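# Remarks on the overall topology
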There are 2 protein chains.
Amino acid sequence: MMSMIKNYELYKVFYWAVKTGSLTQAAKALYLTQPSVSHAIKQLEDGFGVPLFFRTPKGVELTQEGNVLYSYIEQSMILIALAEEKMAALKNLDSGELRIGGSDSLFKHYLLPILESYHSRHPGIKLHLHHGTTPEVITFLKEGRIDLGVVRMPIVDPQLKVRESFQLQDCFVAGARYAELKDKTLSLEQLLQYPVILFSRNSRARMTITELFQSYGLTLKPDIEVGSVDLLIEFARRGLGISYVTREFVSNELEAGSLFEIRLDVSLPPSHVGIMTMRNMPLSIAASRFIELVG
Amino acid sequence: MMSMIKNYELYKVFYWAVKTGSLTQAAKALYLTQPSVSHAIKQLEDGFGVPLFFRTPKGVELTQEGNVLYSYIEQSMILIALAEEKMAALKNLDSGELRIGGSDSLFKHYLLPILESYHSRHPGIKLHLHHGTTPEVITFLKEGRIDLGVVRMPIVDPQLKVRESFQLQDCFVAGARYAELKDKTLSLEQLLQYPVILFSRNSRARMTITELFQSYGLTLKPDIEVGSVDLLIEFARRGLGISYVTREFVSNELEAGSLFEIRLDVSLPPSHVGIMTMRNMPLSIAASRFIELVG
DNA sequence: AGGAGACATAGATGATGTCTATGATTAAAA
DNA sequence: TTTTAATCATAGACATCATCTATGTCTCCT
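In what follows, the accompanying structure is described. Computed from a prediction, not measured in an experiment: that's the story for all the values here. (Residues numbered from 1 in each chain as written. Chains lettered and ligands numbered in written order. Predicted model: local features only at pLDDT ≥ 70, side-chain atom pairs only at ≥ 80, totals over all residues. Heavy atoms only, no water.)

### Structural notes on the packing of helix 4 (residues 64-91) of chain A against helix 4 (residues 64-91) of chain B
Relative placement of two packed helices is described by the angle separating their axes and the distance separating the axes. In the contact formed by helix 4 of chain A and helix 4 of chain B, the axes pass within 9 Å of each other and the chain directions differ by 170°. With respect to helix 4 of chain B, the element helix 4 of chain A is oriented roughly antiparallel. Looking at the contact of helix 4 of chain A with helix 4 of chain B, its residues break down into 20 nonpolar, four polar and four charged. (Axes fitted to C-alpha atoms, helices over the stretch in contact; angles between N-to-C directions. Helix = DSSP H or I, 4+ residues; strand = E, 2+ residues; numbered from the N terminus. Parallel < 35°, antiparallel > 145°, perpendicular 65-115°, else oblique. Nonpolar A, V, L, I, M, F, W, Y, C, P; charged D, E, K, R; others polar.)

### Side note on the protein's contact with DNA strand C
Close contacts around DNA strand C come from 21 residues, with Leu23(A), Thr24(A), Ser38(A), Arg55(A) and Thr33(B) the closest. Close to the protein, within 4 Å, the atoms of DNA strand C belong to sugar or phosphate groups at a rate of 72%. Take Arg55(A): an N or O atom from its side chain is 2.4 Å from a phosphate oxygen of DNA strand C. In this structure, Pro57(A) approaches DNA strand C through a main-chain N or O atom, which is 3.0 Å from a sugar or linking oxygen. (Near = heavy atom within 4 Å. Polar contact = N/O pair within 3.5 Å; in protein donor to acceptor, adjacent residues only side chain to side chain.)

### Observations regarding the protein's contact with DNA strand D
By nearness alone, 21 residues border DNA strand D, and Thr33(A), Leu23(B), Thr24(B), Ser38(B) and Arg55(B) come closest of all. In this structure, Thr33(A) approaches DNA strand D through a main-chain N or O atom, which is 2.6 Å from a phosphate oxygen. At the level of elements, helix 3 (34-48) of chain A together with helix 2 (23-29), helix 3 (34-48) and strand 2 (59-62) of chain B are the ones that each hand at least two residues to the surface near DNA strand D. The residue inventory of the surface near DNA strand D, partitioned by class, reads eight nonpolar, ten polar and three charged.

### Details of the pairing of strand 1 (residues 53-56) of chain A
Residue and element names in this part refer to chain A. Inspection of the sheet shows strand 1 paired to strand 2 (residues 59-62) by four bridges, in the antiparallel sense. Directly across from Arg55, in strand 2, lies its bridge partner Val60. Linking strand 1 to strand 2, which pair antiparallel, is a turn of two residues. (Pairing = 2+ DSSP bridges.)

### A few points about empty space enclosed by the protein
This structure, assessed with the given rule, holds one cavity of 30 Å³ or more. Roughly 40 Å³ of internal volume is contained in the largest cavity. Looking at the largest cavity, the residues that line it are Gln64(A), Glu65(A), Leu90(B), Leu93(B), Ser95(B), Gly96(B), Glu97(B), Ile125(B), Ser284(B), Ile285(B) and Ala286(B). Looking at the lining of the largest cavity, the elements that each hand over two or more residues are helix 4 of chain A together with strand 3 (96-102) and helix 11 (285-294) of chain B. (1 Å grid on protein atoms, 1.4 Å probe; cavity = no way out; pocket = protein on both sides within 12 Å on 5 of 7 lines; lining within 4 Å. Points joined across faces, edges and corners; volume = space filled by probe spheres on them.)

In C-alpha cells form, the structure reads like this:
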C-alpha cells in the first residue's frame, strides 16, 4: 500500500511544531526557517486532507485530528531518538555484546585476563562465552551464534578469516613420582617407556604430537586419556604418568614445583592460537575492539 | 541535541531493506532504484559509523548493530503506518468523535433524529453530548471540550460564529383542567390570572418572554418554576398551570390532545436555534459533516 | 497608532536525492 | 569450466523539491 505521505521528514517537523507549540520555535529547533516549517505542515495537512493545527497569534494548537496524529507520531519520534542514542552507545562501546567461542582451557588459562581487562574497560558490553571443540566453534561462527572464535591454528576454511594472535608451547610434564627425569634429556623413544597421558578429544594439539612421533617412525599411544586440561594436569601431579600439556597452562605448577617439564632432544612445535572470524562479514564494534586489544 | 541522522526518510528505506532482506526488493517497494537504496543505507551506516548489514550474493542481512537499530525502527515505522491509517479513517469519517453541547430539551426533542441519522451514516464516530445552559455551552466551546454547540440565538460573542439552523416557536399550553380556554383568545393580562409555570433556569426563552410582558407594562411572575422541560410539560398536563414551552417540544401532546395551545392576541416571538462554533478554529471533519447534515 | 510577534505566500535558488550506466562479486546453470 | 543471472557498489549527470529571502496579513500589546 502506498502511503499518503511520501516524506517521513515532515513528521519530524510536525513533532517539533507540536512540542514547541509554534512554527517559529520548531524552525529554530530544526535549524530551518519559519516558512519551511509552515510549508512542511501544509504538506501534511494537504496530504491528509485535514487541518492539523489552528493558528493563533501566539502560535499553533492541535486540532482534534492533529491530536490523534500526534499521539502516534510522538511515540514514533521518541523511538527514533532512542534508537539514535542506542546506536551512539554501541559505537562508544557503552553498550552491546560480544560472543566468543573457544575451548574451555583457552578461556580459563589464557583468555581470562584479556576478558577481564576488556570488561573493565567496557563494562557496558555483555560477554557471552561459548565453549566447544574447534569444529564446534567453527559451527557456532557460521551459524552466527558467536562473533569470533579463539582456536588453534591452522584453520583452513575459505569462509573464515584467521588472524594469528599468540603462540603457545606444548610440552611434556611430570610430577614428583618421576623426579628422576628432572635433569635428564630424553629422546622420544625413551619417553615412550613411561606412561603418557593425553587429551582424549580430537584436539589439534593431540594431532600434532601424534604426527611428530609418526615422523620419527614411532607410535604414540596414551596410557591414559582424559577429557579436560585440568585433569591432564591433576593426573600428572599425582604421578599417573607424563602429561602433554600447554606450558602456559601449567605455569603456576611449574613455578611451584609440583610439576616439571621433561627436556627432550627434539624441539616440539609451537602451536599458534588464532582469532577466527567470518570472512566477508563486518565485525561488530565490540568484536573489533576485542581483536584490537588482543593485538 | 542534534541527531546524527538528519533525514528520517533514510529509516524508511532501512525498514524496507530489512523487511525484504534485499536492497533491490526494498527499492521496488519504495518505487526507487537499487542504487538509491544502496546510497541511503550507506548514509545511515556512515552516520552511525557502524555497518548495519552484511552483503551477501542473495541480498543483505542485519549485523548485530543493525538488528538493534531495527528493533527500534520497526516499531517506529509501524506507528507511522498506523497513524496514516487512522488519519485516513478520520477523513473518511470511519473514525473520530463529535462532541456537541446543547440543552437537554433540544437534544431530546429536536436533535435526536438528526443524531440518529448521523450515527447511522457514520457508525464509527463516537458521539459525546454535553448538556448545559447556553452560557455553560459557550464555556465548553471555549475550553475546547466540545466541537459545536446547539443553542438559541442570538449569541453575541466575537470569538464565536453562529449559524442559524432552524426556528422554534414558544407558546403557552395547558391541559384538560383549563379546557375552558381552548377556544378563547387571551390577552397577556388575562393570561396572568392563571398560574404560570416557567422554566427555572436562566434560559433565553424565559428571558424573552419576561421581556415581552415588560414591554406591555406587565410583570410575569411564575407560580411554579421547574427545572426541566419534561416537568414543564408534565405539570401542564396535570393541570397545575399554564406552561410556557416550545411548541415543537410538545407536538406529541398537542396531537394527542393531552395539551392544547393557548391563543393570544399578541404574537410571541419565534426563537432561532443556531449552531455555534469557534471562529478562527477549523472544524473537525466529523463536526463539518454534522453541520452539513443539519443544513 | 505603532510595534512586535505570529503564520502565510510567492518566487528564486541550490542542495541532494534520484537516475542511468557500469563494475565487482557470487552462485547456480550449462 | 564457462556462462548466466542474481546481488550490491560506484560514478557522474540531472532535476526535483526542500529551503531560503522577501513580503503580506493579522492580532495583541504598549
